[in-house]
Amino acid sequence: MTLAEKILSKKLGREVCEGETVEVDIDLVMTHDGTTPLSAKAFKEMTDKVWDNEKIVIIFDHNVPANTAKAANMQKIAREFVKEQGIKYFYPEGEGICHQVLVEKGHVKPNMIIAGGDSHTCTHGAFGAFATGFGATDMGFIYATGKTWIKVPKTIRVNVVGENERITPKDVILRICKEVGRRGATYMALEYGGEVVRRMDMEGRMVLSNMAIEMGGKVGLIEADEKTYEYLRKVGVSGEEILNLKKNAIRVNENEENYHKFIEIDITDMEEQIACPHHPDNVKDVSEVVGTPIDQVFIGSCTNGRLSDLREVARVLKGKKVHKDVKLIIIPASKKVFLDALKEGLIEIFIEAGAMICTPGCGPCLGAHQGVLADGEVCLSTTNRNFKGRMGNKNAEIYLSSPTIAAKSAVKGYITNE
Ligand SMILES: CC(C)[C@H](C(=O)O)[C@@H](O)C(=O)O
Ligand code: SF4
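The name recorded for the protein in an unreviewed UniProt entry is 3-isopropylmalate dehydratase large subunit, from Methanotorris formicicus Mc-S-70. Looking at the Function (unreviewed entry) heading of the UniProt record, one finds this comment for the protein: "Catalyzes the isomerization between 2-isopropylmalate and 3-isopropylmalate, via the formation of 2-isopropylmaleate."

Now the structure itself:
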C-alpha cells in the first residue's frame, strides 16, 4: 500500500484502496484571513456552532497589515467569527504564514488528516500528514461537522538519489515539477522518498510537499522518521505524545509496486533549476537563463521563507550590496523566523545589503499586497507560483528559484548561480 492509502486506512480502521471514496473525520482545520469569511458564510448557511472550536486554527497572513478597506473588512469578519465561535487557536497579523505557524506551534503531527482553506495545505505532508486544501463551501461543511469526503488518490512515487552540494530542496522540487508537469498529478498523491529526502531536514522536506499542488497533487507525502520526531520535540510536542506517534508510525515499502508511476531523480549531475514564466513546470537548467536581467527579487513565502533559507541568503549577501537596479524584498515566514534571524544577525546583513524587510506573512507572493511589479518588470522569486499576473501585474514576468540563486542574482542584477 502507498503512504496515502496507509494513512487513510489507519484513520478509518480498515483497509482502503486507491479509487474508493471515504468519509473521514478531520483532525485539524485551518483557514486564513483570505478564506475564513467565505467559509464562515457557507458554514452559517448550515448551522451556527462549529463542531469543535479547539480543532480549528485561524491565522491572518495574506493581507497583513491590511492594504485596502476590503481586506480590513474581511479581517474584521474573520475576527468576529473567532470571537463568536470561541476559536481557541487564533494567530493574528504578524504571526506569520499559516503553513509555517501551524507547524511551529506544534499543531501538525504525523498520520493526521488536515483540511485547510488554502491550496498549499499540502505542505504538511512533510510530516506524514494527509493534508489538503478545500474551497469555501467544503470548509463551511467541515467547520460544521468535522467531516469530509475524500477519494483515495493514486500515488506517484518520486525517489530522489545522488549527491550534489549545489542542489537545494527547491532545485529538487522544480526538477520534479518539470518531470511531472502541471497537470501530471491531478488528484493524485505525490510520495517523496529516496536517500536525498531522507537526508533532508524538515524545512527542506516542507519545500517538496509545498509544491505538490503545482502538479495538481492532492497531497505531497513523506514518511515520518527521527527527523520528524526531533522537529516535533523542538516545537513543544510532549515526549509522551511523540512516543505514541512512534508506536503508530506508518512505514511504506516502495517495492510493493502499487504506484501509479515511479520516478527517480538523480541530482548528481543536475544543475540548479529555474522555473520560467508563466508556469512552475516551465523549468530550465540555470545555464539556459543565466544573464536574464531582473528588476526585483523576492525571498520569502511558505515555500522558502524559513530560517535555513534566510541563513543561506545571509551567507551570500554578507558584506555585499544589492545591485542598484534591483529591489530586494525579504520576508521571514513567521514571527519566530524573524526573531531567530534577528538574534543571529541575519536581518542586519540584509538591511546593510540594501534589502527591504516586511511583516511576516505572504507579502508579494500572490500580488494582492506589497511588492507589486511594474509593466515589463522581471522578478526572481523564491515562491511557488509564477502565473501571469501572480504578483499583481499581467505585464510582468516571474522566475522561480532557490534562495541561493535569488540572493546571488540580487547582487549581480541578472539571473546567476555564481
Ligand atoms: C488566497 C488563497 C486561497 C490562495 C491558495 O489557496 O493557495 C493563496 O494562498 C495562493 O497561494 O494562491
Ligand atoms: S505565501 Fe504565497 S503560496 Fe504561501 S499561502 Fe501565502 S500566498 Fe499562498
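Next, the rest of the story.
## Let's talk about the site of ligand 1
The local shell around ligand 1 consists of His32, Thr35, His62, Asp118, Ser119, His120, Leu366, Arg385 and Arg390. One of the side-chain nitrogen or oxygen atoms of Ser119 is found 2.5 Å away from an oxygen atom of ligand 1. For ligand 1, whose free accessible area comes to 310 Å², the fraction covered by protein is 73%. Of the residues contributing to the shell around ligand 1, the split by class is one nonpolar, five polar and three charged. Here the shell around ligand 1 spans two domains, since at least three of its residues come from each of domain 1 (3–264) and domain 2 (273–412).

## Some words on the nonpolar core
Ranked by internal contacts, the top residues of the largest apolar core, which has 41 residues, are Val158, Val160, Ile173, Ile176, Tyr192 and Met215. Looking at this core, the elements that each hand over two or more residues are β8 (155–161), α6 (169–180), β9 (189–193), α7 (195–199), α8 (202–210), β11 (261–266) and β18 (397–400). No other element matches the six residues that α6 contributes to this core. Residue-level mapping places this core at the junction of two domains, with at least three residues from each of domain 1 (3–264) and domain 2 (273–412). Once you skip the residues sitting within four places of it in the chain, Tyr192 turns out to touch Val158, Ile173, Ile176, Val197, Leu208, Ser209, Ala212, Met215, Gly220, Leu221 and Ile222. Counting 36 residues, the second-largest nonpolar core is a separate cluster that includes Val82, Phe130, Phe134 and Leu221.

## A short note on the packing of α8 against helix α9 (residues 226–234)
Orientation of α8 relative to α9, taken along the N-to-C sense of each, is 110 degrees, at an axis distance of 10 Å. Classified by the angle between their axes, α8 and α9 sit roughly perpendicular to one another. Seen from α8, the contacting residues are Met202, Arg205 and Met206; seen from α9, they are Lys227, Thr228 and Tyr231. Partitioned by chemical class, the residues of the contact of α8 with α9 number three nonpolar, one polar and two charged.

## A look at the side chain of Asn164
Structurally, the position occupied by Asn164 is in the loop between β8 and α6. According to the relative accessible area criterion, Asn164 is buried, its value standing at 19%. Side-chain polar atoms of Asn164 contact the backbone nitrogen of Arg166, separated by 3.1 Å. Among the polar contacts listed, one links the side chain of Asn164 to the backbone oxygen of Thr268, at a separation of 3.1 Å. When near neighbours in sequence (up to four residues on either side) are disregarded, Asn164 contacts Ile267, Thr268, Asp269 and Met270.

What counts and how
Residues numbered from 1 in each chain as written. Chains lettered and ligands numbered in written order. Predicted model: local features only at pLDDT ≥ 70, side-chain atom pairs only at ≥ 80, totals over all residues. Heavy atoms only, no water. UniProt positions renumbered as here; feature names shortened; annotations may be inferred. Near = heavy atom within 4 Å. Polar contact = N/O pair within 3.5 Å; in protein donor to acceptor, adjacent residues only side chain to side chain. Areas by Shrake-Rupley, 256 points an atom, 1.4 Å probe, with all protein chains shown as cover. Nonpolar A, V, L, I, M, F, W, Y, C, P; charged D, E, K, R; others polar. Domains from an automatic or database assignment. Core = buried A, V, L, I, M, F, W, Y, C linked by side-chain atoms within 4.5 Å. Buried < 20%, exposed > 50% of the residue type's maximum accessible area, 1.4 Å probe, protein only. Helix = DSSP H or I, 4+ residues; strand = E, 2+ residues; numbered from the N terminus. Contact = heavy atoms within 4.5 Å. Axes fitted to C-alpha atoms, helices over the stretch in contact; angles between N-to-C directions. Parallel < 35°, antiparallel > 145°, perpendicular 65-115°, else oblique.

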